[in-house]
Amino acid sequence: MRRGKRRMIKLKFSKIYSFACGKTSFQRDHSRIGGHGHSRVVVCNEPGSFEGEIFSYADNSVRSTKYTVATFLPKSLFEQFRRVANFYFLVAGILAFTKLTPYTAVSAILPLSIIIGATMVKEGIEDWRRKKQDIEVNNRRAILHKGDGLFEYTEWKNLRVGNIVKIMKDEFFPADLLLLSSSYEDAVCYVETMNLDGETNLKLKQGLEVTSSLHEDFKFHDFRAVIKCEDPNANLYSFVGSMEFGEQKYPLSAHQLLLRDSKLRNTDYVFGAVIFTGHDTKVIQNSTDPPSKRSKIEKKMDKIIYLLFCVLFLIAFVGSVLFGITTKRDLVNGIMKRWYLRPDSSTVFFDPERAYAAAIFHSLTALMLYNFFIPISLYFSIEIVKVLQSIFINRDIRMYYEEANKRALARTSNLNEELGQVDTILSDKTGTLTCNSMEFIKCSVAGVAYGRGVTEVEQALGRSNGSPILNESINRLELKSNEIRDSPDRKEPIEGFNFTDERIMNGNWVHEPHADVIQKFFRLLAVCHTAIPVVDEETGNISYEAESPDEAAFVIAAREVGFKFYKRTQTCLSMYELDPISGNEVERTYKLLNVLEYNSSRKRMSVIVKDERGRIFLLCKGADSVMFERLAENGRKYEEKTLEHVREYADAGLRTLILAYRELDEEEYKEFDDKFSEVKNSVSADRETLMEEVSDKMERNLILLGATAVEDKLQNGVPDCIDKLAQAKIKVWVLTGDKMETAINIGFSCRLLRQGMKQIIIHLEIPEIQALEKAGDKRAIAKASRESVHHQISEGGKLVSASRGTCQQTFALIIDGKSLTYALEDDMKNMFLELASYCASFICCRSSPKQKALVTRLVKSGTGKTTLAIGDGANDVGMLQEADVGIGISGVEGMQAVMSSDIAIAQFRYLERLLLVHGHWCYRRMSSMICYFFYKNITFGFTLFLYEVYASFSGQPGYNDWFLSLYSVFFSSLPVIALGVLDQDVSARYCLKFPILYQEGVQNVLFSWRLILSWMLNGFISATMIFFFCTKAIEPQAFDKEGRTAGRDMMGVTMYTCVVWVVNLQMALAIRYFTLIQHIFIWGSIGFWYLFLLAYGAMPPSMSTNVYKVFIETLAPYPSFWVVTFFVVISTLIPSFSCSVIQMWFFPMYHQTVQWIRYERKKSNPE
Amino acid sequence: MASSSAAGAGSTDPTAARRNTKRPKYSKFTQQELPACKPILTPRAVISAFLLVSVVFVPIGVAALIASRKVVEIVYRYESKCIPSNVTDRVAYIQSSADKTCRISLDVTKHMKSPIYVYYQLDNFYQNHRRYVKSRSDEQLRDRSEEGSTSACKPEDTANGKPIVPCGLIAWSLFNDTYSFFRGNKNLTVNKKGISWKSDREHKFGKDVFPKNFQNSSIRGGASLNESIPLSEQEDLIVWMRTAALPTFRKLYGKIEVDLNEGDTINVTLQNNYNTYSFSGRKKLVLSTTSWLGGKNDFLGIAYLTVGGLCFFLALAFTIVYFVKPRQLGDPSYLSWNRNPGGH
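All figures in this text were calculated on a predicted structure; none of them were measured in a lab.

### Observations concerning the overall build of chain A
Secondary structure summary: chain A contains 39 helices and 37 strands in total. The contacts in chain A between residues at least 6 apart in sequence include a share of 73% that link residues at least 24 apart. Roughly 46800 Å² of accessible area belongs to chain A as shown, and the carbon and sulfur atoms make up 56% of that amount.

### Section: the overall build of chain B
When you go through chain B residue by residue, the secondary structure sums to 9 helices and 12 strands. Across the 344 residues in chain B, those meeting the buried criterion constitute 49%. Taking all contacts inside chain B whose residues are at least 6 apart in sequence as the whole, residues at least 24 apart take part in 79%. Accessible surface, chain B: about 16100 Å² in total, of which carbon and sulfur atoms supply 54%.

### Overview of the UniProt feature "domain: P-type ATPase C-terminal" (unreviewed entry) in chain A
Taking the numbering used here, the UniProt-annotated feature "domain: P-type ATPase C-terminal" (unreviewed entry) corresponds to residues 898–1148 of chain A. End C-alpha atoms of residues 898–1148 of chain A are separated by 40 Å, and the span's content is 73% helix alongside 2% strand.

### With respect to the sheet that holds strand β3 (residues 101–107) of chain B
Residue and element names in this part refer to chain B. Spatial ordering of the open sheet is given by β3-β11-β7-β8, a layout of 4 strands whose pairing is antiparallel. Taken across any chain shown, the strands that pair with only one partner, and hence form the sheet edges, are β3 and β8 (186–188). When strand polarity is set aside, the average angle formed by the axes of neighbouring strands in this sheet is 30°. In this structure, strand β7 (residues 178–183) lies alongside strand β11 (residues 265–271), joined through 6 bridges in antiparallel fashion. Paired with F182 across the two strands is N267, which belongs to β11.

### Focus: the interface of chain A and chain B
The interface of chain A with chain B comprises 118 residues on the first partner and 108 residues on the second. When the buried area of chain A at its contact with chain B is split by residue, W339(A), Y340(A) and W1145(A) rank highest and sum to 9% of it. E156(B) serves as the salt-bridge partner of R342(A), at 2.2 Å between the closest nitrogen and oxygen. Where chain A touches chain B, the interface holds 37 residue pairs in polar contact (both at pLDDT 80 or more). Bridge count between strand β37 (residues 1074–1075) of chain A and strand β1 (residues 36–37) of chain B: 2 bridges; the pairing is antiparallel. Looking at β1(B), one finds that F1074(A) is bridged to C37(B).

### Brief notes about a negative patch on the surface
Residue and element names in this part refer to chain A. Taken together, the side chains of E640, E644, E648, D651, E741 and E765 present a region of like negative charge at the surface. Tallying contributions element by element places helix α16 (residues 639–651) first for the negative patch, with 4 residues. Relative to the assigned elements, D651 resides in helix α16.

### As for the pairing of strand β2 (residues 40–44) of chain A
All names here are of chain A. The buried fraction of β2 amounts to 5 of the 5 residues, a majority that puts the element mostly inside the structure. Covered by surrounding structure in β2 are R40, V42 and C44 together with V41 and V43, the residues of both alternating faces. Looking at chain direction, β2 and strand β9 (residues 225–229) are connected through 5 bridges and run antiparallel. Following the sheet pairing, V41 is matched in β9 by K228.

### With respect to the packing of helix α38 (residues 1119–1146) of chain A against helix α9 (residues 298–324) of chain B
Contact pair α38(A) / α9(B): the axes reach a minimum separation of 11 Å and the direction vectors enclose 20°. The orientation of α38(A) with respect to α9(B), classified from their angle, is roughly parallel. Between α38(A) and α9(B) lies a crossing whose hand is left-handed. Residue-level contacts link V1123(A), V1124(A), F1126(A), F1127(A), S1131(A), I1134(A), S1138(A), V1141(A), I1142(A), W1145(A) and F1146(A) of α38(A) to L300(B), A303(B), Y304(B), V307(B), C311(B), L314(B), F318(B) and V321(B) of α9(B).

### Details of the UniProt feature "transmembrane region" (unreviewed entry) in chain B
All names here are of chain B. UniProt annotation of "transmembrane region" (unreviewed entry) refers to residues 45–67 and 302–324 when read in the numbering used here. Secondary structure across residues 45–67 divides into 100% helix and 0% strand, with the first and last C-alpha atoms of the span separated by 33 Å. For residues 302–324, the helix share is 100%, the strand share is 0%, and the end-to-end C-alpha distance is 32 Å.

### Observations concerning the pattern of salt bridges
Residues and elements named next belong to chain A. If you walk through the whole model with that rule in mind, you get 59 salt bridges over all chains. Ionic pairing is found between K852 and D428, a salt bridge with its closest N-O pair at 3.0 Å. With a gap of 424 residues between them, K852 in helix α25 (residues 849–863) and D428 in strand β18 (residues 422–428) connect regions that are remote in the sequence. Residue D428 is classed as buried on the basis of its relative accessible area, which comes to 4%.

### Remarks on the pairing of β9(A)
Consecutive side chains of a regular strand alternate in pointing toward one face of the sheet and then the other. Residue and element names in this part refer to chain A. In β9, alternate side chains face the same way, and those of A225, I227 and C229 are buried while those of V226 and K228 on the opposite face are not. With 5 bridges connecting them, β9 and strand β10 (residues 241–245) associate as antiparallel partners. Of the residues in β10, the one forming a bridge with I227 is M243.

### A word on the layout of surface pockets
For the second largest pocket, the calculated volume is near 1400 Å³. What lines the second largest pocket is a set of 42 residues, and nearest its centre among them are V133(B), K134(B), S135(B), R136(B) and A152(B). If you list the elements that add at least two residues to the lining of the second largest pocket, you get α29 (961–971), α34 (1048–1070) and α36 (1101–1104) of chain A together with α4 (130–134), α5 (138–142) and α7 (198–204) of chain B. Its residues assigned to classes, the lining of the second largest pocket comprises 14 nonpolar, 13 polar and 15 charged.

### Examining a positive patch on the surface
Taken together, the side chains of R989(A), K993(A), R1161(A), K1162(A) and K38(B) make up a positively charged region of the molecular surface. Mapped onto the positive patch, the elements with two or more residues apiece are α31 (988–993) and α39 (1150–1164) of chain A. By secondary structure assignment, the location of K38(B) is in the loop between β1 and α2 (43–70). Given the relative accessible area of 31%, K38(B) is considered partly exposed.

### Some details on the packing of aromatic side chains
All names here are of chain A. Scanning the model with the defined rule gives 97 aromatic pairs over all chains in all. On the basis of an interplanar angle of 90° and a centroid distance of 5.0 Å, the ring pair of Y88 and F309 is categorised as edge-to-face. With Y88 in helix α4 (residues 84–95) and F309 in helix α8 (residues 296–329), the pair connects residues that are 221 residues apart, well separated along the chain. One exposure class covers both Y88 and F309, and it is buried. Between Y959 and Y1056, the aromatic rings sit 5.3 Å apart at their centres with planes inclined by 75°, giving edge-to-face as the arrangement. Here Y959 is found in the loop between α28 (910–949) and α29, whereas its partner Y1056 is found in helix α34, with 97 residues between them in sequence.

### A few points about the state of the cysteines
Residue and element names in this part refer to chain B. Applying the stated criterion to the full structure yields 2 disulfides over all chains. Here C82 engages in a disulfide with C102; their sulfurs sit 1.9 Å apart. The disulfide joining C82 to C102 has a torsion of about -70° about its S-S bond and is therefore left-handed. Residue C82 is found in the loop between β2 (73–77) and α3 (90–95), and its partner C102 is found in strand β3; the two are separated by 20 residues along the sequence. The same class applies to C82 as to C102, namely buried.

### Observations regarding the sheet that holds strand β3 (residues 141–147) of chain A
Residues and elements named next belong to chain A. Spatially, 6 strands are ordered β4-β3-β5-β14-β6-β12 in an open sheet, and the strand pairing comes out antiparallel. Either end of the sheet is taken by a strand with one partner, and the two such strands are β4 (150–155) and β12 (257–258). Relative to strand β5 (residues 164–168), β3 is paired through 2 bridges, and the arrangement is antiparallel. When the bridges of β5 are listed, I143 appears paired with K166.

### Structural notes on α16(A)
For an α-helix, 3.6 residues make a turn, and residues three or four places apart therefore share a direction. All names here are of chain A. For α16, built from 13 residues, the straight-helix expectation of 18 Å at 1.5 Å per residue is met to within 8% by its first-to-last C-alpha distance of 18 Å. Considered for burial, the residues of α16 that qualify are E639, T642, H645, V646, Y649 and A650. With its buried residues spanning 140° around the axis, α16 presents them on a single face. Projecting away from the buried face of α16 at angles above 90 degrees are the exposed residues E640 and R647.

About the criteria used
- Residues numbered from 1 in each chain as written.
- Chains lettered and ligands numbered in written order.
- Predicted model: local features only at pLDDT ≥ 70, side-chain atom pairs only at ≥ 80, totals over all residues.
- Heavy atoms only, no water.
- Helix = DSSP H or I, 4+ residues; strand = E, 2+ residues; numbered from the N terminus.
- Contact = heavy atoms within 4.5 Å.
- Areas by Shrake-Rupley, 256 points an atom, 1.4 Å probe, with all protein chains shown as cover.
- Buried < 20%, exposed > 50% of the residue type's maximum accessible area, 1.4 Å probe, protein only.
- UniProt positions renumbered as here; feature names shortened; annotations may be inferred.
- Pairing = 2+ DSSP bridges.
- Axes fitted to C-alpha atoms, helices over the stretch in contact; angles between N-to-C directions.
- Buried area = accessible area lost by both parts, 1.4 Å probe.
- Salt bridge = Lys/Arg side-chain N within 4 Å of Asp/Glu carboxyl O.
- Polar contact = N/O pair within 3.5 Å; in protein donor to acceptor, adjacent residues only side chain to side chain.
- Patch = residues over 30% accessible without salt bridge, like charges linked within 9 Å, V, L, I, M, F, W, Y side chains within 5 Å.
- Lys, Arg positive; Asp, Glu negative; His and termini not counted.
- Charge placed at Lys NZ, Arg CZ, Asp CG, Glu CD.
- Parallel < 35°, antiparallel > 145°, perpendicular 65-115°, else oblique.
- Left-handed = near helix turned anticlockwise from the far one by under 90°.
- 1 Å grid on protein atoms, 1.4 Å probe; cavity = no way out; pocket = protein on both sides within 12 Å on 5 of 7 lines; lining within 4 Å.
- Points joined across faces, edges and corners; volume = space filled by probe spheres on them.
- Nonpolar A, V, L, I, M, F, W, Y, C, P; charged D, E, K, R; others polar.
- Phe/Tyr/Trp six-rings, centres within 6.5 Å; stacked < 30°, edge-to-face > 60°.
- Disulfide = S-S within 2.5 Å.
- Expected span 1.5 Å × (residues − 1).
- Arc of directions from axis to C-beta.

Here's what the structure looks like:
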């Protein structure tokens, strides 16, 4: 809406971007057109033409679903049975149809089908959601040339290669298009590629000159062209092709290519020819599945399952051997031993004469019988629980960011519990710890420092230094700013500008001693940039579209001081400025001659302008490291002071730039311009290098004006959050591209570094290396650097190990990117890692995206601990994908980081809640859930085994078939799911109050082998107790007053009842958190068992077989049943209960201690 | 972007400004703030729990023990005594058609109030063997028309080409020792009615299903059945066909419905027909009264008392620990930074 009211100034920008946007000429690449990999032929604007038929390219519909209707069943089934456990159950289910089976086939297949069916339904729903999204995308509207110059709306999916489409402002491109013309004369347009690479700045695209006149709809009536280009590929930044238009052939490059999913900005409309559609488009070719990550708990769980498989195979083997022996003995020399089994006329499964075969077949039976050791519903329950846990994360109000209207988003539910085990956090700085909104706060002009603002870093430094005076002043300042913030009619703060100094503001600068320098300074800020002004027609306010927030801050600063840049035409920059002599606002126009662009190796940008009086200036701004050496002898007047100020600013955590200028005479400029345009239009591969060389020659002998300082404000709550994370003993490593001083100071302001911490700084800014650099021998530099880094690391190591035993000294390691390159080399990295992991804080400055990923990998593989990476920009993607958990900040820098993250949050400070509360809970839930799962299945499975011992291992289960199969599904699964979803050892408040609780996850206390095995042992003990108590109490005497004895059916039901009770009560004893849901599930499961028993027993005997009326007739009326179950249940629980009491009283874990604290506070202070 | 629709649609806030908010709706469930009780193992709770268990267990144990002790039980093991001493091959003897009558006498040491239940107890007999358990046809037992469904009964499914009713190994191996009791010379009637469960008689064994072709196969198993009596009244068979859970089991043989007095001598004439010698199983004759808790078995009573006592002891021990060495359990200093949790 707002955008519609604004007016864009029509102009030709093709000249501003002198580097990026040159003329495309045929280069080597173009010779490959038509050859292998470059075979695509697009016939434009001829729907249904012959050629169009030959090259039947895919249509423009996209499909992100995993399955189609046809493939859903086989594909999802295949996915399911790829899991070892599921496959095992499938084999068991198939075998159940043979004679080997110990139970009926239906009872074996049913639970498996329920589980598989439920999982498939879940998959189906997820896929349906994707399908709906696809439909939405495919049915977006685009304007298509229907022929005869008529354009009509159509759906995206109907677009075909060769179509001509018209895209309006702020619309997405429906496919990869070749830009033909735009609303601008020279066929330029602006494109926002946020969805592709996360960059928010606008990119300029320009169509070919020959097509740039096609402004009107009707002109497409007889437009014909043939485009030959490369085949679909994933490279976003390159494109090779040619267009045959008229009689001529024109080269095409990426400058003419508009990519799908990017957005048209600041341009009213464009016309384009569809080149790549649907899955051929670069963005979809580029979308790779994110690496699938599994949590440590799940990996360990696999091991437990394998362990259980071993147990299972072992007992099956033992059983088979014993079975084989007893079977063989049944018939010796024709004499039958157990004659009642008719061993003389037996099937192969029980044939004494083929005892080996019988034993082998029996082992299969046993494997089926003991499958209850493996929880069939485990995977499914885990998935359900994780989905619900993710919903909790997504729905947490406390992680909802009001200002950006964003909530947390768990993009994968696989890693919830991994959040509870994070040992090291690797964080980006800009945009993650800070807001990435730059504010112009200070400047130094002509050696005088201006700007009275206090940065957050200074506040933090003041606090940690504890200097009372500074503290007081800061307090006052804070008070004041709070007052200002709270007062309702305060002046709206200007975004990007936080500069207060009465000497400069309101035109007062004219009275300063160096007014002329100040004038040049701000004029430079107003001219030397690539921002585009946007004038709000209603209010006349000017805002700027800039490539980076820094740049916007400068233009805004200039505007606020009185150098109001308001108009950019293709060759001119217009601004209003205060004339110091007359005191009036005058209009000035500068003719823009050249732009020497910024890039990370140049670290500076310059413009060459001609003012109204015909003087030519080169205006340059850049990093201090490159600028000071470029100053002219006579331009160093303020060097010393400025340098000092720049250091101060860096200390205050500010980003600084040096401004300088130079006046050129006509001839000098002409010489440069000739050379520059020659190089620019050259075809050679090293064009860029040549251009750099040419510009480098110009950007010398500069005259220093001063320095700017912008503050990148810390996000709210970052220091507190880092403090909490430190208390939780999570290591926070900051990897940033900033200068070392800035990084260190940010470190202080976010409490990563504290006063009294010993800083170990590893860098290569030492004289010897610098000397070598001057000499330029690369090999010598590398060698010396390597040695130096090695030396520094080992020195640091010595320092650390010296203090290890003795005192509380904490260390911080600070390393710069250059040193890091060497430190990450194979021979040094372990030493480096050891040093780094002993240090409480770690800051790496001037690091590249690749280094970020490398450091992450080093930590992950080197320590084996869980790493979490957090970042917001495209440069963090590698790090996010490399780490065990990647957290994306859904901030201003676009979606790239979020798209490759596992969980997205809006602000860094939510990390505290995400880890300490959700992470801790999820970890705890998942680990206790898995432990409990194994416990309950072992308890059940082992009673079956014990029964086998008394049934000569014949494979006869002690329970009815349906009891067997429904155990995992109905009588014991819901309470576990409730545990996995709802359990809280400690409330969120206490989680945050005692961050040390988090260490339980890091040290993996709740899922240690000790704990897992003790749960398993508990299962074995419970099973043994249940079995022996039941059998000893019930057999062999009369069961009731009428003298009848209990048979297999009654014994089975009694034992099963005990198992259901014990398993559910054990759960009730193990958890410390009962909501209504838990009560319903636990008591409901037990109640349901009795109900089931009644219902099943009431069915006709043909269905209920030996359970017919067993409960209502033979068990319930007689006290024996109740007395026995009561005894068995209570006494089976006593050992584990006593153990947990002893553990809770004498060896409390962290969470238990916190539970005590909560309990005692409540007791002493009952609210 | 994709999630916007889901969140936006849910909000019904009338104020237009808030309409597009993604703010999650508050509910106690999604915010994980459901009201919950959080019991904790406090000393008081633990000690009272143990005391409670012992208070409940000890009386039950006493009652169970008394009940068990009140039951008078006479057990007589006869499988070797009923083999003439000159027989060396016991299996051949038992399979022979010789007269296997055996007379034993039982001394009643304590007054036995009627009804007195007569059991036979077998040992090392795997009625729970899978081959055995499966070898039966419930349809056939229940329904006259299902006579032919004998597929599960092999090898005792057919004899002479006709289906066996009742088929299968279980029926085939029916126990066939018989007992008759005399006090002095007076015959004590053994009532064999009502020794099985009603549901079995009424629903599992058909009133119109008669034994047919039974024990006619090559090898003779156990008892024969009177072909004129329907299965629902063949209670010995019904009892036998409810297979036992464990290899040592008792099955009800009948009831003696007169009191036996202390000092009485009961003479038993038994036909020792059943072959347990092949698999060296023991045979016992058991006469027993019952209590409310069934037959004589001290296990339950003793177990209750033991566990009750153990709980009392535990309660005591925990009390002592609690009073002698009280600990500030909720001391935040336990959460010190350098301590490992869980006593690692």
